[in-house]
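What follows is each chain in one-letter form.
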Amino acid sequence: MRLGAGTFAACCVAIEVLGVAIFLRGFFPAPVRSSSTTEHRAESPAPEPSAGASSNWTKLPPPLFGKVVIMLIDALRDDFVFGSKGVKFMPYVTYLVERGASHSFVAEAKPPTVTMPRIKALMTGSIPGFVDVIRNLNSPVLLEDNVLRQAKAAGKRVIFYGDETWVKLFPKHFVEYDGTTSFFVSDYTEVDNNVTRHLEKVLKREDWDLLILHYLGLDHIGHLSGPNSPLIGQKLSEMDGVLMKIHMALLSKEKEALLPSLLVLCGDHGMSETGSHGASSTEEVNTALVLISSAFERKPDPGFEQFKMSERLHGNWIKRYLEENSSEVLLNLGSKVLRQYLDALQTLSLSLSRQVVQYDMYSMAVGATLVLEVRLMGVGNGTKPLLFKVLALLLLSIPKALSPAAELDVPLSSPLFSLLFYLTILVLSAIHVVVCTSTESTCYFCSMPWLAAGGAMLLMSALLCAIVSALTKTVVSAKRVGKNPAPPSVRWSELDLLILLGTMGHILSLGASSFIEEEHQTWYFLVSTLCLALCQEVCRNHFLGSDGDPQCGLREEPGPEGAMLTMQDGAEGCAALEEDRTRAAASAFERLGSMEQRMVLASPWAVLCCCRLLRALNQTGVQGAHRPDLGHWLTSSDHKAALSVLAALSLLAVFLLVQRRCSPMSKVALALGLLGVYCYRAAIGNVMSPWQRGNSDISKGIVEARFVYVFVFGILFTGTKDLLRSQVAAIAIKARTVGLWEIYSGLVLLAALLLRPHNLPVLVSSLLVQTLMAKFVWKPLNHGVAEVTVMHYWFGQAFFYFQGNSNNIATVDVSAGFVGLERYVEVPAVFLTAFATYVGPVLWASHLVNYLSSESSSHSALRHACFCYALICSIPVSAYIILVTSLRYHLFIWSVFSPKLLYEGMRLFVTAAICVFFTAMDQTRLTKP
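In this report, we go over the structure that sits alongside the text.

Conventions we followed
Residues numbered from 1 in each chain as written. Predicted model: local features only at pLDDT ≥ 70, side-chain atom pairs only at ≥ 80, totals over all residues. Heavy atoms only, no water. Helix = DSSP H or I, 4+ residues; strand = E, 2+ residues; numbered from the N terminus. Buried < 20%, exposed > 50% of the residue type's maximum accessible area, 1.4 Å probe, protein only. Contact = heavy atoms within 4.5 Å. Phe/Tyr/Trp six-rings, centres within 6.5 Å; stacked < 30°, edge-to-face > 60°. Lys NZ or Arg CZ within 6 Å of the ring centre and 35° of its normal. Salt bridge = Lys/Arg side-chain N within 4 Å of Asp/Glu carboxyl O. Pairing = 2+ DSSP bridges. Axes fitted to C-alpha atoms, helices over the stretch in contact; angles between N-to-C directions. Parallel < 35°, antiparallel > 145°, perpendicular 65-115°, else oblique. Left-handed = near helix turned anticlockwise from the far one by under 90°. Nonpolar A, V, L, I, M, F, W, Y, C, P; charged D, E, K, R; others polar.

### A few points about the overall build of the protein chain
Inference 1: Broken down by element type, the protein chain carries 39 helices and 11 strands.
Inference 2: In the protein chain, which comprises 929 residues, the share counted as buried stands at 53%.
Inference 3: Put simply, 75% of the contacts in the protein chain that link residues at least 6 apart link residues at least 24 apart.

Now the structure itself:
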């Protein structure tokens, strides 16, 4: 079967997405759950008491509290209660903590610090699996034994108001409930008013035993404007008033009740300095926990008192040690102090439980096999044939995929009718039956229908046979070539070496937790080094000319059977190839005017300076995330005017950089859309506007955001229409070029809407760098398709971190998913959040399509670019799957490696979408008249 290189690469990436999905499902362990059924909870009957003796150990202990109220404030960071903000904005809680009948703690939430896993932890007493960070968007029913299940079984009446995640986890546990949408982060007022409005009536009633309140407004304010927003203080004061109202109502009823009441103030997680959460920083894991009850005035905590006694004994031992150096009394007292400390620690740790997890190794192996089969196409390792299938196909296909024709024969018919194919199916089926019938743990791949599992085994068998067929042809061809004399000397250019070493270095760095936490430093270094290499190449080509030392790299040269990336036969061929390229670059340079020549010389330095300035905008990673940066300075309320001016200038610069190749209609739509972006930011209070007179005019900005969406869809529709028109019109090339650029400009407008105002300079810088590189670097220096593709990928990765992203889940800006939405709608919210997160790689990939379509004369350029892009994006994913499997018992597996694995999985999905776009554009080019 004959396929284009781009189509083949897109199919490989699609198989990889399937493999990564299965691997992720197997990698994230399912915690060992305690059963909630009565047959498992039943204890053996108590023996008959002997004569004169009685036993009451089977009786339930008496209750300690009559009514319990749990007031959970989402993202209640510990310093919001125990710090200066608590003293200022929560005076009643501060009084109870310092002088009242209460016990206060700084609770530590285990990562991932997102809402749904933390609710499960609070109700079950266990540590949920890391995969719950994905399920947080659509919470499944909680089947594990939990407090609410036991309360319902004991006949307790539970009422709930607040985050609807509770209703999804416990759908049949509440006698009364009212859920509010938890993902619409633009609302921080009504979402809490809908909870408080029930308190007046429910606190007067007696038909309940447990009341749960989950307030979301504080978390939403954090996502919108961060922990230093003036709205934080207002919300904390509101919550302080609500707690005082509840406490007063409970105290007034205790005079008539037999048992005291308990009021629990807690948070599910904290809040980072950027207002998000999900990772393991101190601000995100530390949350307040306050237990308030009149019973605490009479009954201290025994473990705590035991620990205080140990401290007093330790003080006495130190005093005796200072008085006399050694004695038997001192030795005995020291032993007593040690025992007392150990007993205290044992008493305090009785409530802690160890979470036992199991990896689904079978599902992980199946997923890894599919991924590596797509990537290891040219590594013929006979000892591990199953692990090197798809990747082997890709690497083996490089010569033909990057040939001038960019086409290759995929051997499908012969493998499907070979004996190896059927034997492999039988072996895999036997392994599947043995594993699924002998294992005691739950296996995801075993739980799949036999039709789906059989399809996966057929795919793995076909890939194995295809690799064997392709490898055989490669070996035969290599023997024929081996009869000819080898070239005496081959040298690569500095840029080729930089690309190769940089790519390999980045892959090797994924094995270290520190390099993953600070991966932005790796990409900052690579793009800076790339700029310096381009500076050297510009100077060598345009000052030394053909007198320089000729360098030889991998270039696209037509050869027999479409062989790509062929080395020149001998040093003379290498020098001639480089000399031709140098003369072509010098000739192109001479045709430029004096101003253009200066721009060619200055552009790499300008790009280098631009990248260096962007590093100061957003501090990211772990080591430097707490340091002040320009982004924090701009987002503070004291510098709102500066942020407004910067946002307006950035939007103007976006228009000037994008409009030059748009149609007149799209130029008008782009201008109005960018004006709507500023109006939206002014409506929600991020920037200032002449028509805004105060905070009273602040709204959700739904109308303004939808106004922008109209122009986004309009520009995308116009671009798509031009692409379709290019299939039948006489001016196909022009219409296609305009259509591609208008799709690109529509994505730019959407990015301007979703990015925060202080990140608009990142968007402007991205457009500026693309313009400089396309006009004054890639074209004058005559770079090949592979080099341009890799550089687009590198800059896309760098701009991913320039906007403040990291491998930390807390840096995901979830507020972008609700721009223009009145309520939570899952599909648009997920799409908008993903686009806002990966806007850098997406825009650079879109620009690559535009550049190759307008500047490249080769009809196979898009197919070459698609194959190169798929290869360079997929190799790190394949390598990381191997690394994370070997490091699955590492100390930082959940705080560092697992979040990075989720990012890599999502990046691969984005890559698949990009490859599909490349393939579609290549098909339109093939069918043009």
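### Details of the packing of aromatic side chains
Inference 1: A full pass over the atoms with the stated rule returns 23 aromatic pairs.
Inference 2: An angle of 40 degrees between the planes, with centres 6.0 Å apart, marks the rings of Trp166 and Phe170 as tilted.
Inference 3: For Phe170, a relative accessible area of 0% gives the class buried.
Inference 4: Among the aromatic side chains, those forming a connected cluster through ring pairs are Phe160, Trp166, Phe170, Phe174 and Tyr177.
Inference 5: Above the ring of Trp208, the side-chain terminus of Lys67 is found at 4.4 Å from the ring centroid.
Inference 6: The aromatic ring of Phe800 is capped on one face by Arg907, whose charged end is 5.2 Å from the ring centroid.

### As for unusual backbone geometry
Inference 1: Backbone torsion omega between Pro111 and Pro112 reads 5 degrees, so that peptide bond is classified as cis.
Inference 2: Assignment of secondary structure puts Pro112 in the loop between β4 (102-108) and α6 (115-124).
Inference 3: Phi is positive for Asn782, close to 60 degrees, though the residue is something other than glycine.
Inference 4: Mapping Asn782 onto the fold places it in the loop between α34 (760-778) and α35 (785-802).

### So, the pattern of salt bridges
Inference 1: Going through the model one piece at a time under the given rule, you end up with 18 salt bridges.
Inference 2: Linking Lys67 and Glu206 is a salt bridge whose minimum nitrogen-to-oxygen distance equals 3.8 Å. Placement of Lys67 in the loop between α2 (38-41) and β3 (68-73) and of Glu206 in the loop between α11 (199-202) and β7 (210-215) is noted, with a sequence separation of 139 residues between them.
Inference 3: The class of Lys67 is buried, set by a relative accessible area of 13%.
Inference 4: With a relative accessible area of 49%, Glu206 lands in the partly exposed category.
Inference 5: Across the salt bridge formed by Arg77 and Asp79, the nearest N and O atoms sit 2.9 Å from each other.
Inference 6: Arg77 gets classed as buried once you look at its relative accessible area, which sits at 4%.

### Side note on the sheet that holds β3
Inference 1: Spatial ordering of the open sheet is given by β4-β9-β8-β3-β7-β5-β6, a layout of 7 strands whose pairing is mixed. Edge positions in the sheet fall to β4 and β6 (176-180), since each has one partner strand and no second. Going from strand to strand, the sheet's axes swing by 10 degrees on average, the running direction of each strand aside.
Inference 2: Pairing of β3 with strand β8 (residues 262-266), which is carried by 5 bridges, proceeds in the parallel orientation.

### Considering the packing of α35 against helix α38 (residues 861-886)
Helix packing geometry: the angle between the two helix axes and the distance between the axes.
Inference 1: The geometry of α35 relative to α38 is characterised by a closest axis approach of 9 Å and an angle of 45 degrees between their N-to-C directions. On the basis of their axis angle, the class for α35 and α38 is oblique. Relative to α38, α35 is oriented so that their crossing is right-handed. Taken together, the residues of α38 that come into contact with α35 (itself represented by Val785, Ala786, Thr789, Val790, Tyr793 and Trp794) are Ala861, His864, Ala865, Cys868, Tyr869, Ile872 and Cys873.
Inference 2: Considered class by class, the residues forming the contact of α35 with α38 number 11 nonpolar, 2 polar and no charged.

Note that every value here comes from positions in space, so none of it alone points to a role or purpose.
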